[in-house]
Every structure is written in structure tokens, then in C-alpha cells.
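Examining the three-dimensional arrangement
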Amino acid sequence: DALNKDIYDQQRLLEICKSEHKTALRELDFYSKNATKIPSNVSDIRDRITKDLKIKSNQLPFVGELIQLKKAEKKWEFSIERVLHSFALCMIVPEALYKKVNKYVNDTDLKGRIVYFKHTKVESLKELHSKDSDKLITKLMFNTKSPFYEWVQKRLYDQYNYSCCLLYTSPSPRDLSTSRMPSSA
């Protein structure tokens, strides 16, 4: 009887490993076909919403699809991705589509979680452009062809106005910062 239990446990473990392997292969395939770092399970939910509501995917972008780290700031990639990860996975919904998308999300078992924000017009952000080259926002490029880019800039400025510093220094109570380890090179 103990032998049968061991066999059953090993078979169950094998099935779990096969399932995890299949999921990992699917993720690798997804990332090889897509330039985005949006996980496939999150992207699949958006794809389902857009398909069922007959909306184009670019009408419901993820924040992460509209921002990119400047090439010269590659050394900050890990730190900035950690800071912005959750925000980058948020979907932006235009005001005109918000009720439709919200009703669909609330009425449908999406088999996962999606975070979305209503896009509203924002004032010009010219005054927000920081002269401080250490600010996180200055290390990013924005897809300026998107009608959502100013909204993304404003949210980043309002919620992620961090200074990027090589070593932790004691910021003033009003300052927010992220740091990275010095490279050995």
C-alpha cells in the first residue's frame, strides 16, 4: 500500500512538472514572438476582452507597451523594472470604452486578474519635464504616437517621481528613490 502511494505521488509530481514545463515553453514562445515583457497570461486576458468586444488591442494598451528604457540608461533596467512592474501591467481604457470594458470584466470569468485605469485627458506636461537627470522619468522614452502617452507621463510623475541613485543616501522625507548596486566593471 505504501508502494502504491509512492507511485501515485511520483505520478502526480510528474504531471505537475509537465504542466509547469508546458507553461514555461508557452511563455518562452510568447516572448520570442512579442517585443513586450507583458506576461502572456495578462496579455491573453486583454486579447479576450478585445476579441469579445471587437476592439483593437492598441485601443487598450498596457502601460508597459508605451514606455521603454533609454538605451543609455540600461544600467537602471533591473531597478526600474522592479519599481514599475505592477504599473506596467495595467491596461489603459479610453473614457469612451470604459463602461463597456468595465461591464465585460465584471460580468465575465476572465480566469485571471487584470488591472485597468480609465484614461482621461490631461493638461500639457511641459512643466513636468524634470531638469534633474537622476529622476526615474528622465530615464524613459515614451511612445509619443499613442494618444495615452501624456496620461502615462503624468501618472509616472505623480506616483513614481523617484530619484535614481547609485548608493543609498538618506533622502529628505519628501524624496522617493530607487537604487542599484554598483557594477563591478
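Refer to the structure above for everything that follows.
For the structure given in this document, a descriptive report is provided here. Predicted model, so just to flag it, every value in this text is computed and none were measured. (Residues numbered from 1 in each chain as written. Predicted model: local features only at pLDDT ≥ 70, side-chain atom pairs only at ≥ 80, totals over all residues. Heavy atoms only, no water.)

Below, the discussion takes up the overall build of the protein. On a plain count of helices and strands, the protein comes out with 5 helices and 6 strands. Along its sequence from the N terminus, the protein presents helices and strands in the succession α-α-β-α-β-α-β-β-α-β-β. Sorting the 185 residues of the protein into buried and exposed places 35% on the buried side. Of the contacts formed within the protein by residues at least 6 apart in sequence, a portion of 69% connects residues at least 24 apart. For the protein, the computed accessible surface area is about 12900 Å², with 53% contributed by carbon and sulfur atoms. (Helix = DSSP H or I, 4+ residues; strand = E, 2+ residues; numbered from the N terminus. Buried < 20%, exposed > 50% of the residue type's maximum accessible area, 1.4 Å probe, protein only. Contact = heavy atoms within 4.5 Å. Areas by Shrake-Rupley, 256 points an atom, 1.4 Å probe, with all protein chains shown as cover.)

Now for helix 4 (residues 95-107). Two residues of an α-helix separated by three or four positions point the same way, owing to the 3.6 residues in each turn. Between its terminal C-alpha atoms helix 4 stretches 19 Å, which fits the 18 Å expected from 13 residues at 1.5 Å a residue. Regarding helix 4, the residues found buried are Leu97, Val101, Tyr104 and Val105. Buried residues belonging to helix 4 abut helix 2 (40-53), strand 2 (91-94) and strand 3 (116-119). (Expected span 1.5 Å × (residues − 1).)

What follows deals with the state of the cysteines. Tallied over the entire structure, the rule returns 0 disulfides. Unpaired in terms of disulfides, Cys165 finds its nearest cysteine sulfur in Cys164, a separation of 7.6 Å. (Disulfide = S-S within 2.5 Å.)

Right, let's talk about the environment of Ser79 for a bit. Mapped onto the fold, Ser79 is located in helix 3 (residues 77-88). For the pair Ser79 and Cys164, spaced 85 residues apart in sequence, the C-alpha to C-alpha distance is 8.8 Å.

A few words now on unusual backbone geometry. In the Ramachandran plot, Lys54 falls in the positive-phi region, its phi being about 55° despite a non-glycine side chain. You can see Lys54 is positioned in the loop between helix 2 and strand 1 (67-69). The phi angle at Lys111 is positive, at roughly 55°, despite the residue not being glycine. In this fold, Lys111 is placed in the loop between helix 4 and strand 3. By relative accessible area, Lys111 is classed as exposed at 70%.

To continue, consider the nonpolar core. In terms of nonpolar packing, the biggest core is built from 21 residues, with Val63, Ile80, Leu84, Leu140, Val152 and Leu156 touching the most fellow members. Sorting the residues of this core by element identifies strand 1, helix 3, strand 4 (140-142), helix 5 (149-159) and strand 5 (162-165) as the ones contributing at least two each. (Core = buried A, V, L, I, M, F, W, Y, C linked by side-chain atoms within 4.5 Å.)

Moving on: the pattern of salt bridges. Two side chains that carry opposite charge are able to pair once their charged atoms sit near each other. Per the stated rule, a full pass over the model turns up 8 salt bridges. For the salt bridge of Lys74 with Glu77, the shortest nitrogen-to-oxygen distance reads 3.0 Å. Residue classification places Lys74 among the exposed residues on the basis of a relative accessible area of 52%. Among the salt bridges present, the one from Asp107 reaches Lys103, with a minimum N-O distance of 2.5 Å. Here Asp107 and its partner Lys103 are both found in helix 4, 4 residues apart, which amounts to about one turn of the helix. Residue classification places Lys103 among the exposed positions, given a relative accessible area of 52%. (Salt bridge = Lys/Arg side-chain N within 4 Å of Asp/Glu carboxyl O.)

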